[in-house]
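Listed below are the residues making up each chain.
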Amino acid sequence: MAWRDGKASGKRLLLFMASIILGIAAVVSIQSFSNNLKNNIGLQSKALMGADFLIDSNQPANERVVELMDSLGGYKAREVKFASMAAFPKSLSTKLVQVRAIEGNYPFYGELETEPKTSAFDYQDKGGALVDATVMLQFDLKPGDSVKLGTTTFPILGALITAPGSTGIGATAAPPIVVPFRFMEESGLLQRGSRLGYNYYFEDDKVDLELLNDKVDPLLDAENADMDTHTDTSERLGRRYENVGRFLNLVAFIALLLGCVGIASSVHIYIKEKLKAVAVLKCLGATRKQTFLIFLLQIAGMGLLGGIIGTAIGLLLQQTFPLILQEFLPFTVEISTSYPAIFVGLLLGVSMSVLFALSPLVHTWFVSPLQVLRVQEDTGKKSRPYQIWVVVAIVFFVLLFALWLLGRWEFALSFVVGILVTFSILAGVSIGFMRLIKKYFPKSWSFAARQSLLNLYRPNNQTVVLILAIGIGTFLISTLYFTKDFLLAKTTFEANAESPNLILFDVQTEQRNDVENTITPKGLPVIDNIPIVTMRMERIKDRDVNDIRLDTTTRVNKWILNHEFRTTYRDSMIGSEKLLEGEWLPSVPPNTEVIPISLADNVANDALVKLGDTLLFNVQGKMMTTVVGNIRQVDWARMQLNFSIVFPTGVLEKAPQFHVVTTNAPDKASSANLQRELVKKFPNISIIDLRQVVTLVENILDKISWVITFMAFFSILTGIIVLIGSVRNSKYQRIRESVLLRTLGAQSKQILKINALEYLFLGVLGSGVGVLLSLLSSFLLAYFIFDTPFIPSWVPFLVVLPGITLLVLAIGLFNSKGVLNSPPLQVLRKEG
């Protein structure tokens, strides 16, 4: 019976099935790609590191670390990594790069992919450089040209395409240049205060990495070194991409939920028209269970078929993801069939269809055989308790699915509450709008305008469903644009002569005056000359840092114990700081035994210290006892130099230190001119142009927003299908209205105008509420999460809102063609 009735209602059931296909396709494509990505990271973990494990430190290995490395069989290759300015004599240009000076046959796994290929093997013997391929293009460099690093000039042997240890986004800020290790001492780049990273690579594929890490890592921590295995690297990378995958999965799941709302609406009208048929079946002896199962089987069958089609589309769609995400991936992803993703697609297709269709299906259970004789029977009161249980089941299922994606109850609960609040607001707005129309009906409006408003609350209207579908899609896309804009605003700096846009790092004390004398003759100001002193924590309150490292129950954050702090001293706070606790002390008298210092709140929280607690620092060999004098809140996103620890003046002036000098170059030409001269005179200095940093941040956000917009359009497309389905499902109702209006003398032009105004109202209301909701949510994000002023983007108001409104209007009018072209006799025959 389900099969026979389904064939007769094929077109309508196909539209119902189409409502969930896109949502399932989105979920399956993301889920399948995430599984493939995880498998690829696991398979390529050695190639990502280039070794089985490494030992790294911010300083050359001391005697104890060398002993530990010898006990492990000795390192097979070593490397020093640091940021530096590279000068290209051919174009007289400079660029901040990451120098990777390598000694030995590294990498042991994977390869340095270069063009020409032979340069990956020749650069050590020939003493040449491998320059990032993008930099080669940017400065029109060819093999045979040269690059100057510090005081040493290297011939460029080839373009570096990929290398283990260089990730996509990290390499964008400071592209890598690979050179032989043996030239570093003479280059003059390994200066005191420079942020250097020494890596010692090991090759041993038989060692138990987990056991080795447990035994050796604590011993290395005591020497300010660290062990990292290839499995650790792959796990970190996997977690990073897994978080992105979870977010995209939630966006895709919202599209599926929208489709399911469309299912509930379509099935409601479909079942309402079938109630008389159910009553006839019961007159012929069919039981409640039988009539219920007839339509349940139809829905489940359509859900399964929708799941199969959606899964197939999702598996095809994931083939495009490596192209979309290639900027963020440090390796090539090999796509294969993910059977767990297929299972998820089919399960969601059936379970979500049935769950969301159960509420209208419950009505069939309470249909009386007398319904054949009666015009109408209200089954709503009898079925209401069961419908409440259906809603509870839907919420519970969504919660379980969100928990499976996110892994934590609080995140899953927040997601479900957020969805319920958003859906409730959109539904409340649409219901409230219909009630307002009834109460304050504009009787003075034209006939077409009045009739279009009446259509919004006529019997079998789908105003709520359409506003939900339109509003959620608009909400997602608008939130994306609002968030992106205030994140970019947070990274910008004021374009005036008092705001630095060039930052010079690693300026040695003896170079300070010469650097200033290079800047000022060009008419540029020296805005800051900030001293920096490096130090490490030796004791927190009454416990040595080494003892805390060995304590497995400690809640002190590990980075505090291993970090080399770069601190400064000054007599006042700066614009990015706000005093939370204690009093600011500008200076201390000479020979003060316990020095009051200022801590950033994140350091105080991670070190578990408060006002009055003591900290012992190792200032390059000299021990210094300090006390927490005040705690500051620091806006780390501000484009200026911020510090975790600030000392008062009168303490660190004679300590070994280097300086950071800032200036403001009004245009790119003066900036490039100054950078060339500084690099020529002071090759050890690194220069960051904040304009380039802002451009880089903007490009990254653009790429991320493109990916999210791509996923958000699944919600928009699902909303379009729900819109088409709603028009199709209410087509007979509309044909009857059209015939009655024609009988009363209305012309096709008037009927078309009525339909156009109806869809225009729906489009404006749905997209308008979506934009306003996203405005509110983005403001809350900016205020509570990012702690930044909220400046709304114009894109949602000028592009998204009118664009989606016009789209809804076009689809509504296209689907109304059949209504306008239907002859009146069609309705009269059906009535007869």
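So, here is what we can say about the structure in this document. Here the structure is a predicted model, which means the values were calculated and not measured.

**Looking at the overall build of the chain**
Each helix and strand in the chain was counted, giving 28 helices and 21 strands. Looking at the chain residue by residue over its 832 residues, the buried ones come to 53%. For the chain, the share of sequence-separated contacts (at least 6 apart) that also reach a separation of at least 24 residues comes to 82%. Accessible surface, the chain as shown: approximately 38900 Å² in total, 60% of it carbon and sulfur.

**Considering the nonpolar core**
Core analysis: the biggest nonpolar cluster contains 94 residues, and Leu256, Met352 and Phe415 have the highest contact counts within it. Here this core takes 18 residues from helix 10 (residues 230-283), the largest share from any one element. Beyond its immediate sequence surroundings of up to four residues, Met352 is in contact with Phe253, Leu256, Leu257, Cys260, Leu347 and Phe397. The next biggest cluster of nonpolar side chains, apart from the first, holds 39 residues, and it includes Phe53, Phe88, Ala101 and Phe202.

**So, a negative patch on the surface**
Judged by side-chain charge, Asp208, Glu210, Asp214 and Glu235 come together as a negatively charged surface patch. Considering the arrangement of structural elements, one finds Glu210 in helix 9 (residues 209-221).

**Notes on a nonpolar patch on the surface**
Together, Leu304, Leu305, Ile308, Ile309 and Ile313 make up a nonpolar patch on the protein surface, roughly 370 Å² of accessible area in all. Structurally, Ile309 can be placed in helix 11 (residues 288-317).

**A closer look at the packing of helix 18 (residues 512-519) against helix 22 (residues 668-681)**
At a minimum axis distance of 10 Å, the contact between helix 18 and helix 22 shows a crossing angle of 150 degrees. As the angle between them shows, helix 18 and helix 22 are arranged roughly antiparallel. Of the two elements, helix 18 crosses helix 22, and the hand of that crossing is right-handed. Of the residues in helix 22, those in contact with Val515, Thr518 and Ile519 of helix 18 are Leu674, Glu677, Leu678 and Lys681. Tallied by class, residues from the contact of helix 18 with helix 22 come to 4 nonpolar, 1 polar and 2 charged.

**Points about the pairing of strand 10 (residues 225-229)**
Most of strand 10 sits out of view: 4 of its 5 residues are buried. Where strand 1 (residues 53-57) lies against strand 10, 5 bridges are found, and the strand directions are antiparallel. Looking at the pairing, Ser57 lines up with Ala225 of strand 10.

**Details of the environment of Met352**
Residue position: Met352 is located in helix 13 (residues 339-365). In the structure, Met352 is positioned 93 residues away from Gly259 in sequence and 9.5 Å away in space, judged by C-alpha atoms.

**Concerning unusual backbone geometry**
Glycine aside, a negative phi is what most residues show, and trans is what most peptide bonds show. In this model, Tyr106 is joined to Pro107 through a cis peptide bond whose omega is 5 degrees. Relative to the assigned elements, Pro107 resides in the loop between strand 3 (93-104) and strand 4 (113-115). Looking along the chain, the bond that leaves Glu115 and enters Pro116 is cis, with omega of 5 degrees. Positionally, Pro116 belongs in the loop between strand 4 and helix 5 (119-126). Although it is not a glycine, Asn591 adopts a positive phi angle of roughly 65 degrees. Assignment of secondary structure puts Asn591 in the loop between strand 15 (577-582) and strand 16 (595-600).

**Some thoughts on the packing of helix 11 against helix 13**
One way to put it is that helix 11 packs onto helix 13 with a least axis distance of 7 Å and a crossing angle of 150 degrees. By the angle between their directions, the pair helix 11 and helix 13 is classed as roughly antiparallel. The handedness of the crossing between helix 11 and helix 13 is right-handed.

**Overview of the packing of aromatic side chains**
By the definition in use, this model includes 14 aromatic pairs. With centroids separated by 4.1 Å and ring planes inclined at 25 degrees, the aromatic side chains of Tyr106 and Tyr201 adopt a geometry described as stacked. Of this pair, Tyr106 sits in the loop between strand 3 and strand 4 while Tyr201 sits in strand 9 (residues 197-202), placing them 95 residues apart in sequence. According to the relative accessible area criterion, Tyr106 is buried, its value standing at 4%. Measuring from ring centre to ring centre gives 5.8 Å for Trp559 and Phe565, while their planes differ by 55 degrees; the resulting arrangement is tilted. Judged by relative accessible area, which is 27%, Trp559 ranks as partly exposed. Members of the aromatic cluster, each reached through a chain of ring pairs, are Phe482, Phe779, Phe790 and Phe797.

What counts and what doesn't
Residues numbered from 1 in each chain as written. Predicted model: local features only at pLDDT ≥ 70, side-chain atom pairs only at ≥ 80, totals over all residues. Heavy atoms only, no water. Helix = DSSP H or I, 4+ residues; strand = E, 2+ residues; numbered from the N terminus. Buried < 20%, exposed > 50% of the residue type's maximum accessible area, 1.4 Å probe, protein only. Contact = heavy atoms within 4.5 Å. Areas by Shrake-Rupley, 256 points an atom, 1.4 Å probe, with all protein chains shown as cover. Core = buried A, V, L, I, M, F, W, Y, C linked by side-chain atoms within 4.5 Å. Patch = residues over 30% accessible without salt bridge, like charges linked within 9 Å, V, L, I, M, F, W, Y side chains within 5 Å. Salt bridge = Lys/Arg side-chain N within 4 Å of Asp/Glu carboxyl O. Lys, Arg positive; Asp, Glu negative; His and termini not counted. Charge placed at Lys NZ, Arg CZ, Asp CG, Glu CD. Axes fitted to C-alpha atoms, helices over the stretch in contact; angles between N-to-C directions. Parallel < 35°, antiparallel > 145°, perpendicular 65-115°, else oblique. Left-handed = near helix turned anticlockwise from the far one by under 90°. Nonpolar A, V, L, I, M, F, W, Y, C, P; charged D, E, K, R; others polar. Pairing = 2+ DSSP bridges. Phe/Tyr/Trp six-rings, centres within 6.5 Å; stacked < 30°, edge-to-face > 60°.

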